[in-house]
Amino acid sequence: MSGSPASRYAFEEELNLASPPHDPFAIPDEDYDSDEYENRHHAPESDDHEYGERTTYSNSNKKGPRRSRIELWKDDTRQFNKNGQNFEMVPLSDSSNHDDGDHDNYFDYDSDDNENGDDGQVRPSHYSNFYSSSPSSSAAASDGLCSGDDYDTSNTYLSKRLYHYLYPPNVPREVQLLRKENIAVPACYLLVGLLQGLSGPFTNVYPLDLNASEAQQTTISSLKSLPSTFKLAFGFFSDNVPLAGYKRKSYMLVGWAIASLSMIALLTFSDLSAEAIAMSNASQQEEEMMNEDGSSGRYLLRQLQSSTAEFGEQTKIVGTPPSISFLSFSLLMFGSGFWLADVMGDSLVAEKAKLEPESSRGHLQSTCYACRFFGLMIAAPLSTVIYSKYGPQSVVILMAALPSLILPLIYNLKEKKDVPVASTRDQCREIWSTVCSRAVWQPMGFVYLYNVLQVGNAAWKQFLKTVLNFTSNQLNSLLIVAYVLLWLGIMAYKKFFITWSWRSVYVSTTLLNGVFSALQILLIKGITFGLSPFLFALGDDAFADFIGGIQFLPTTIMMVHLCPTGSEGASYAMFTTMSNSAYSLASAFSTLLLGVWDVSKEAMERGELTGMINLTALTTLIQVSGVLFVGLLPRTKEDLANLHSDPMSGSKIGGFIFLFVTLASVLYSIVVGVLNIVAPGWSGES
C-alpha cells in the first residue's frame, strides 16, 4: 500500500477489518489510566501466557504500582509465541523478513492457524512498523534489538548514528536509496549529470574542429536531443510491455548499454585523436593549394608519423577522423540510450516517492536531483580541461566507460517481476482520467505558462564578449559557477525550503530573480559599485541559477503526486515533456525579440547600447509577470489533493487542452529536429 502512515486506519475502515490495536500514546496524559487500560484490553478471565504459563486476570486481585504507558506498550509489542511460530515487531527498513516476499508496506497477515485466539486478520502497524513472522526473531530478541531498529553490530562495523544516517529507520526499505538493491536509482541520476557535463564541450567544440558548417553543427545538436522528444513513448512502452518480466530495470540496462556501445563504436571505427584532426585539416588545406603546374596537391588522409622518443623510434598510425554523418549517427544512438535510461530512472523515483512517509515527502526526489546536478557541476569543468589537454578521444572514452559501470548496479536493482499489467486501453483511460482532473491541468497550466514567460536576453553573451571583452575562459567560468550554484539551490531547497508552501517559493524566488535581472541594466551602463565587470556579471548570472535550483524541485515533487499508479512512466514523462517544451518555446521567443531593437554586434561595437537596455528591461518584466499566475498553483500537497474533489475536477475541456499542448509541443520538436537533419540551413544557417 502506498498510503502514508497517517492514513492507515482509514484504509482499515474501508476494508472493514478489525479495529486497530490500542495505542496508549494516543490518550492524553490527564485522561490516561493504566488500570482502565488493563481492564479493557485484558478482559478475558484467563489466557495462555506467551511463554506457555496459564495466567488468570482478575481486576480485584490487581495490586502493585500504576504502570506507565511505556511499560504497557512494551507488553503489547514484545515477542510472543503461538503454534511454534515466532512473531516480532519489525521496522519498515528491515530486510530479513521481506526481501523475497511481496509484503505490504503497513500490513501483514497473521498465521492462518487460528488456534489459541489467532484470528488471521490484517494487523495495522504501530509507528511505521508492521507485524511480520520471522524465523530469526528469537535471535533478534536475544541480541537486544529494539522494535523499529534493524541496526545490528554483528552485521555492520558502522556506528549506529552513521548507520541510521545512511539507512533512515523511519522510511520503508524501498526508499532507502543507499541500500544495495536501490543504489542504482541515485547512481542513474548521477550518471545523467556526468554525461550531460561531459558531452557538452564535445558536441559543441569537436564539430568545429572538424570544420563543420553552422548548418551541420545544428544538425548534430538536433540529432543528439531528438530522442528526448520520445520520452512519452519510452514511458508508455515500459508501462505496457515489460522486458524480461521487468517494467523498469531491463529498459534502464538496455538504455545505458546502447549509450556505451555507441561511443565504443565511435572510438573503434574512427580516430578521435588530436593528431587525426591536425592531419585532416592539413589535408584539406593542401587540397586547396595548387602546384606550379596546376595539379592538385592532395595527399592520402591515412599516413605514418614518426617521432623519436627517449627509448628509440616509435611509429604512430594516424587514422581518419569520423565523418559528420557517422558522428551524427553515433550521437543519435547515444541520445536514444541516454533518454531511455533517464525515463526509467524518473519512473522508478515516481513509484518509490509514493512510499515515503508524510514527514519526509520530497526528500527522495531532492536527493536524486542533487546527485544529478552534482554530476553536472563536476563533469562540465572537468570535460573542458580534459578536452583541452588530452583531446576529444579521452572525453569519448569516459562517455563509453561510465554507462558500463552502472550495469552491475542495475542488475542488483530490486523490482517486482511479472507484475500484472493493465491493458493498453485501460491505461489510456487512466491517463485521460488523470489529465481531466483539475489537480492536473490547473497546476500544470501554471508550470507551462510560467516557463513560457522565462524569456531570456539572447544578446547577453554577445554583449559580454563584444563590449566587456570577456575571454572564453571567463565565459566558461560563468558557466561553471552557474552549475555550482544550481546544485546549491537544489540543496538549499532540500535543507531549508522543503516545508514552504509552493506558492511562497515561487513568489519569493520570482521577485528575487527580477532584482538580479534588473542589475544587468546597471552593468550595461557601467555602474558596478567598484567591482570589476566580471565579478558583477558573475554574481548576476550565477545567483539567477541558484534561484532556478530552488524553483526546480517543487514542480517535480508535484508531478510525482499526479502520476496514477501503474502508469508512472508515461505520466511523469508527459508532465516533464510539457514543462520542457515551454522552455523551448521561451527560447524561440527570445530569438524573435532580437529584432525589436538593434542589438547586433555592429551596434555594440559602435557603442549603441540603448537597444540592449530596452531588451533587458523587457525580458525582466516578462519573466516577473509569471508571478501573476501563481494562483493556479496549489499551496501544498493537501491543496493538490483537494482539487480532485472540486466540481470542475472532471473537465474534459481542461484535459483536451492539456493533451493538445503536450502533443503539439512534441510534434513541433520533432518537425524542427527532422528539418535540421534533412534540410540543414532551413532556418538561415550557413
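Residues numbered from 1 in each chain as written. Predicted model: local features only at pLDDT ≥ 70, side-chain atom pairs only at ≥ 80, totals over all residues. Heavy atoms only, no water.

Draft legend 1. Main features of the overall build of the protein. Summing up its helical and strand segments, the protein has 25 helices and nine strands in all. Put simply, the protein has 686 residues, and 46% of those count as buried. In the protein, the share of contacts with a sequence separation of at least 24, taken over all contacts with a separation of at least 6, comes to 77%. A total of about 34200 Å² of accessible surface is found on the protein, and carbon and sulfur atoms cover 58% of it. (Helix = DSSP H or I, 4+ residues; strand = E, 2+ residues; numbered from the N terminus. Buried < 20%, exposed > 50% of the residue type's maximum accessible area, 1.4 Å probe, protein only. Contact = heavy atoms within 4.5 Å. Areas by Shrake-Rupley, 256 points an atom, 1.4 Å probe, with all protein chains shown as cover.)

Draft legend 2. Spotlight on the pattern of salt bridges. One pass over the full model with this rule turns up eight salt bridges. Close ionic contact of Glu 568 with Arg 248 constitutes a salt bridge, the shortest N to O distance being 3.8 Å. Here the residue Glu 568 occupies a position in helix α21 (residues 568-592), and Arg 248 occupies one in the loop between α8 (231-240) and α9 (249-268), the gap between them amounting to 320 residues. You'll find Glu 568 and Arg 248 in the same group, each marked buried. As a salt-bridge pair, Arg 606 and Asp 598 come within 3.7 Å of each other at their nearest N and O atoms. In this structure Asp 598 comes out as partly exposed when scored by relative accessible area, which is 41%. Put simply, Asp 239, Arg 248, Glu 351, Lys 354 and Glu 568 are held in one network by salt bridges that share partners. (Salt bridge = Lys/Arg side-chain N within 4 Å of Asp/Glu carboxyl O.)

Draft legend 3. The arrangement of the side chain of Ser 665 in detail. Tracing the sequence through the fold places Ser 665 in helix α25 (residues 652-678). Given a relative accessible area of 10%, Ser 665 falls into the buried group. Only 2.7 Å separates the side chain of Ser 665 from the backbone oxygen of Val 661, close enough to count as a polar contact. Beyond its immediate stretch of four places on either side in the chain, Ser 665 contacts Tyr 448 and Ser 581. (Polar contact = N/O pair within 3.5 Å; in protein donor to acceptor, adjacent residues only side chain to side chain.)

Draft legend 4. Geometry of the packing of helix α7 (residues 214-225) against α25. Relative orientation of the contacting elements α7 and α25 amounts to 140°, with a least axis distance of 8 Å. When the axis of α7 is compared with that of α25, the two are oblique. Read as a crossing pair, α7 and α25 show a hand that is left-handed. On α25, the residues that touch Thr 218, Thr 219, Ser 222 and Leu 223 of α7 are Gly 673, Asn 676 and Ile 677. For the contact of α7 with α25, the per-class residue count stands at two nonpolar, five polar and no charged. (Axes fitted to C-alpha atoms, helices over the stretch in contact; angles between N-to-C directions. Parallel < 35°, antiparallel > 145°, perpendicular 65-115°, else oblique. Left-handed = near helix turned anticlockwise from the far one by under 90°. Nonpolar A, V, L, I, M, F, W, Y, C, P; charged D, E, K, R; others polar.)

Draft legend 5. Looking closely at the environment of Cys 188. Along the polypeptide, Cys 188 turns up in helix α6 (residues 184-209). Residue Cys 188 is classed as buried on the basis of its relative accessible area of 1%. The spatial distance from the C-alpha of Cys 188 to the C-alpha of Met 344 is 9.2 Å, given a sequence separation of 156 residues. Each residue touching Cys 188, except ones within four places of it in the same chain, is listed here: Met 252, Trp 256, Ala 341, Gly 345 and Ile 406.

Draft legend 6. Spatial organisation of unusual backbone geometry. The phi dihedral of Asp 418 is positive, around 55°, even though this residue is not glycine. Mapping Asp 418 onto the fold places it in the loop between α14 (407-411) and α15 (424-436). In this structure Asp 418 comes out as exposed when scored by relative accessible area, which is 56%.

Draft legend 7. The arrangement of the state of the cysteines in detail. Per the stated rule, a full pass over the model turns up zero disulfides. The closest cysteine sulfur to the non-disulfide-bonded Cys 188 is located on Cys 368, 9.0 Å from its own sulfur. (Disulfide = S-S within 2.5 Å.)

Draft legend 8. Representation of a nonpolar patch on the surface within the structure. Together, Trp 432, Ile 653, Phe 656, Ile 657 and Phe 660 make up a nonpolar patch on the protein surface, roughly 560 Å² of accessible area in all. With respect to the helices, strands and loops of the structure, Ile 653 is situated in helix α25. Accessibility expressed as a relative area gives 62% for Ile 653, which makes it exposed. (Patch = residues over 30% accessible without salt bridge, like charges linked within 9 Å, V, L, I, M, F, W, Y side chains within 5 Å.)

Draft legend 9. A look at the nonpolar core. Core analysis: the largest hydrophobic core is formed by 98 residues, its most contacted members being Leu 195, Phe 202, Trp 256, Met 444 and Phe 575. Broken down by element, this core gets its largest block of residues, 14 residues, from helix α11 (residues 324-353). When sequence neighbours within four positions are dropped, the list of residues in contact with Phe 575 reads Val 440, Met 444, Met 559, Leu 562, Cys 563 and Phe 658. (Core = buried A, V, L, I, M, F, W, Y, C linked by side-chain atoms within 4.5 Å.)

Draft legend 10. Quick peek at the side chain of Glu 568. Accessibility expressed as a relative area gives 4% for Glu 568, which makes it buried. Side-chain polar atoms of Glu 568 contact the side chain of Lys 354, separated by 3.3 Å.

Draft legend 11. Seen up close, the packing of aromatic side chains. Here the structure, examined in full by the defined rule, presents 19 aromatic pairs. With centroids separated by 5.6 Å and ring planes inclined at 55°, the aromatic side chains of Phe 374 and Trp 487 adopt a geometry described as tilted. Residue Phe 374 is found in helix α12 (residues 363-390), and its partner Trp 487 is found in helix α18 (residues 472-497); the two are separated by 113 residues along the sequence. Given the relative accessible area of 36%, Phe 374 is considered partly exposed. An aromatic cluster is built from Tyr 189, Tyr 369, Phe 373 and Phe 552, whose rings are joined through pairwise contacts. Above the ring of Tyr 167, the side-chain terminus of Arg 179 is found at 4.2 Å from the ring centroid. Here the guanidinium or amino end of Lys 249 rests over the ring plane of Tyr 246, the centre of that ring lying 4.8 Å away. (Phe/Tyr/Trp six-rings, centres within 6.5 Å; stacked < 30°, edge-to-face > 60°. Lys NZ or Arg CZ within 6 Å of the ring centre and 35° of its normal.)

Draft legend 12. Spatial organisation of the confidence of the model for the protein. Looking at the protein as a whole, its pLDDT mean stands at 74, while 70% of the residues score no less than 70. Highest mean pLDDT in the protein belongs to α9 (95); lowest belongs to strand β7 (residues 129-133) (29). Per-residue pLDDT stays below 50 along residues 1-149; that stretch engages in 228 contacts with residues further than four places along the chain or on separate chains. Below pLDDT 50 for its whole length, residues 291-315 participates in 36 contacts with residues either more than four positions away or in separate chains. (pLDDT = per-residue confidence, 0-100.)

Draft legend 13. Layout of the environment of Asp 209. Along the chain, Asp 209 falls in helix α6. Residue Asp 209 is classed as partly exposed on the basis of its relative accessible area of 27%. For the pair formed by Asp 209 and Pro 392, sequence separation is 183 residues and the distance between their alpha carbons is 9.9 Å. Within the structure, the side chain of Asp 209 is placed 2.5 Å from the side chain of Tyr 387, a separation counted as a polar contact.

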